[in-house]
Amino acid sequence: MLKTIRKHGITLALFAAGSTGLTAAINLMTKTTIAEQAAIQQKALFDQVLPADRYNNQLQNSCYWVNAPELGKGEHRVYIAERDGIPVAAVLEATAPDGYSGAIQLLVGADFSGTILGTRVTEHHETPGLGDKIELRLSDWITHFSGKKISGESDDHWAVKKDGGDFDQFTGATITPRAVVNAVKRAGLYAQTLPAQLPQLAVCGE
């Protein structure tokens, strides 16, 4: 009886060890592939907010942490685009905290003169059929930021039309587009301050 129990115990232990080893091997093999796919997806998103012909450095490797109220609470990543070693633009993670159904996460491309190069929503919880038109797959509204210049904090053009600005609101939903417009404006204004800050910024991963 004891021999049988011992035999089964050893078999079980060997099976568990083999399963653990197999799982570890599969994880090791797929980890690189998953990371590569994530990097490809991130690069594709970057290309939507910052034209690839504007810079020639490895944008994903030029990442910095910033803690700026203009971008929302907490730390945000900022990616600095360079051309021949000279900083020319940035891709910024930003948060619109005042969406209708909570915070809206954004990716904003901007140069250092106050021009927005592109914007995309990366996460939101807005109402389907109303506020979710900030998504590119549902509407081209988010593309209308591209090429728009911000002429200072008091630039009245940077508001929805209901507030006297240039950007459309959605029928039955003004809060969502207003939140996005304001967040993009703040991110663009903050981008103008980045060149002077670069020497003090913390590099991602450090």
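What you are looking at is a predicted structure, and each value in this text was computed from that prediction instead of being measured. (Residues numbered from 1 in each chain as written. Predicted model: local features only at pLDDT ≥ 70, side-chain atom pairs only at ≥ 80, totals over all residues. Heavy atoms only, no water.)

Colleague: Quick rundown of the confidence of the model for the chain? Include the residues and the values.
Modeller: Mean pLDDT over the chain stands at 88; residues scoring 70 or higher make up 82%. Taken element by element, the chain is modelled with least confidence in helix H1 (residues 2-49), mean pLDDT 64, and with most confidence in helix H2 (residues 175-191), mean pLDDT 98. (pLDDT = per-residue confidence, 0-100. Helix = DSSP H or I, 4+ residues; strand = E, 2+ residues; numbered from the N terminus.)

Colleague: So what about the environment of Leu-50? Which residues, and what values?
Modeller: Here Leu-50 lies in the loop between H1 and strand S1 (63-66). Here Leu-50 falls in the buried class, since its relative accessible area comes to 0%. A sequence separation of 61 residues divides Leu-50 from Asp-111, and the C-alpha atoms of the two residues are 9.1 Å apart. Ignoring anything within four residues of it in the chain, the contact list for Leu-50 reads Tyr-55, Leu-59, Ala-81, Ala-89, Val-91 and Leu-117. (Buried < 20%, exposed > 50% of the residue type's maximum accessible area, 1.4 Å probe, protein only. Contact = heavy atoms within 4.5 Å.)

Colleague: Explain the sheet that holds strand S3 (residues 86-99) to me, using residue names and the numbers behind them.
Modeller: One open sheet accounts for six strands, arranged S5-S4-S3-S2-S1-S6; its pairing is antiparallel. Both outer strands of the open sheet, strand S5 (116-123) and strand S6 (202-203), are each paired with one neighbouring strand and no more. Relative to strand S4 (residues 102-111), S3 runs antiparallel, the two sharing nine bridges. When the bridges of S4 are listed, Ala-90 appears paired with Ala-110. The strands touched by H2 are S1, S3, S4 and S5; relative to S3, the strand with the most contacts, the crossing angle is about 150°. (Pairing = 2+ DSSP bridges. Axes fitted to C-alpha atoms, helices over the stretch in contact; angles between N-to-C directions.)

Colleague: Could you give me a rundown of the nonpolar core, with the residues and numbers involved?
Modeller: Ranked by size, the top nonpolar core spans 39 residues in total, and within it Leu-71, Leu-92, Leu-106, Phe-145, Val-180 and Leu-194 carry the most contacts. The set of elements that each furnish at least two residues to this core consists of S1, strand S2 (76-83), S3, S4, S5 and H2. Among the elements that line this core, the one with the most residues is H2, at nine residues. One finds Leu-59, Cys-63, Ala-89 and Leu-117 within the second-largest nonpolar core, a separate group that totals 12 residues. (Core = buried A, V, L, I, M, F, W, Y, C linked by side-chain atoms within 4.5 Å.)

Colleague: Go over the state of the cysteines with me, naming the residues and quoting the values.
Modeller: Taken as a whole, this structure holds one disulfide when the rule is applied. The side chain of Cys-63 participates in a disulfide bridge whose partner is Cys-204; the two sulfur atoms lie 2.0 Å from each other. Of note, the bridge from Cys-63 to Cys-204 carries an S-S torsion of about -55° and is left-handed in sense. Placement of Cys-63 in strand S1 and of Cys-204 in the segment after S6 is noted, with a sequence separation of 141 residues between them. Owing to a relative accessible area of 21%, Cys-204 belongs among the partly exposed residues under this scheme. (Disulfide = S-S within 2.5 Å.)

Colleague: Now, about the pairing of S5: what can you tell me, with residues and values included?
Modeller: Every other side chain in a regular strand lies on the same face of the sheet, so the side chains alternate between the two faces. Along S5, six of the eight residues are buried, which leaves the element largely enclosed by surrounding structure. The sheet contact formed by S4 and S5 spans six bridges and is antiparallel. Residue pairing across strands places Val-108 opposite Thr-119, the latter belonging to S5. Hairpin geometry of S4 and S5 is characterised by an intervening segment of four residues between the two adjacent antiparallel strands and by a positive phi of about 105° at Gly-114.

Colleague: Lay out H2 with the relevant residues and their values.
Modeller: The terminal C-alpha atoms of H2, which comprises 17 residues, lie 24 Å apart, in line with the 24 Å expected from a rise of 1.5 Å per residue. In terms of burial, H2 is a largely internal element, 13 of the 17 residues being buried. (Expected span 1.5 Å × (residues − 1).)

Colleague: Give a detailed account of the packing of aromatic side chains, specifying residues and quantitative values.
Modeller: For the coordinates displayed, the defined rule picks out six aromatic pairs. Plain terms: the ring middles of Trp-141 and Phe-145 are 5.3 Å apart, the flat faces sit at 90° to each other, and that makes the pair edge-to-face. Grouping residues by exposure puts Trp-141 and Phe-145 together as buried. Ring centres of Phe-145 and Trp-158 lie 5.9 Å apart, and the angle between their planes is 25°; this geometry places the pair in the stacked category. (Phe/Tyr/Trp six-rings, centres within 6.5 Å; stacked < 30°, edge-to-face > 60°.)

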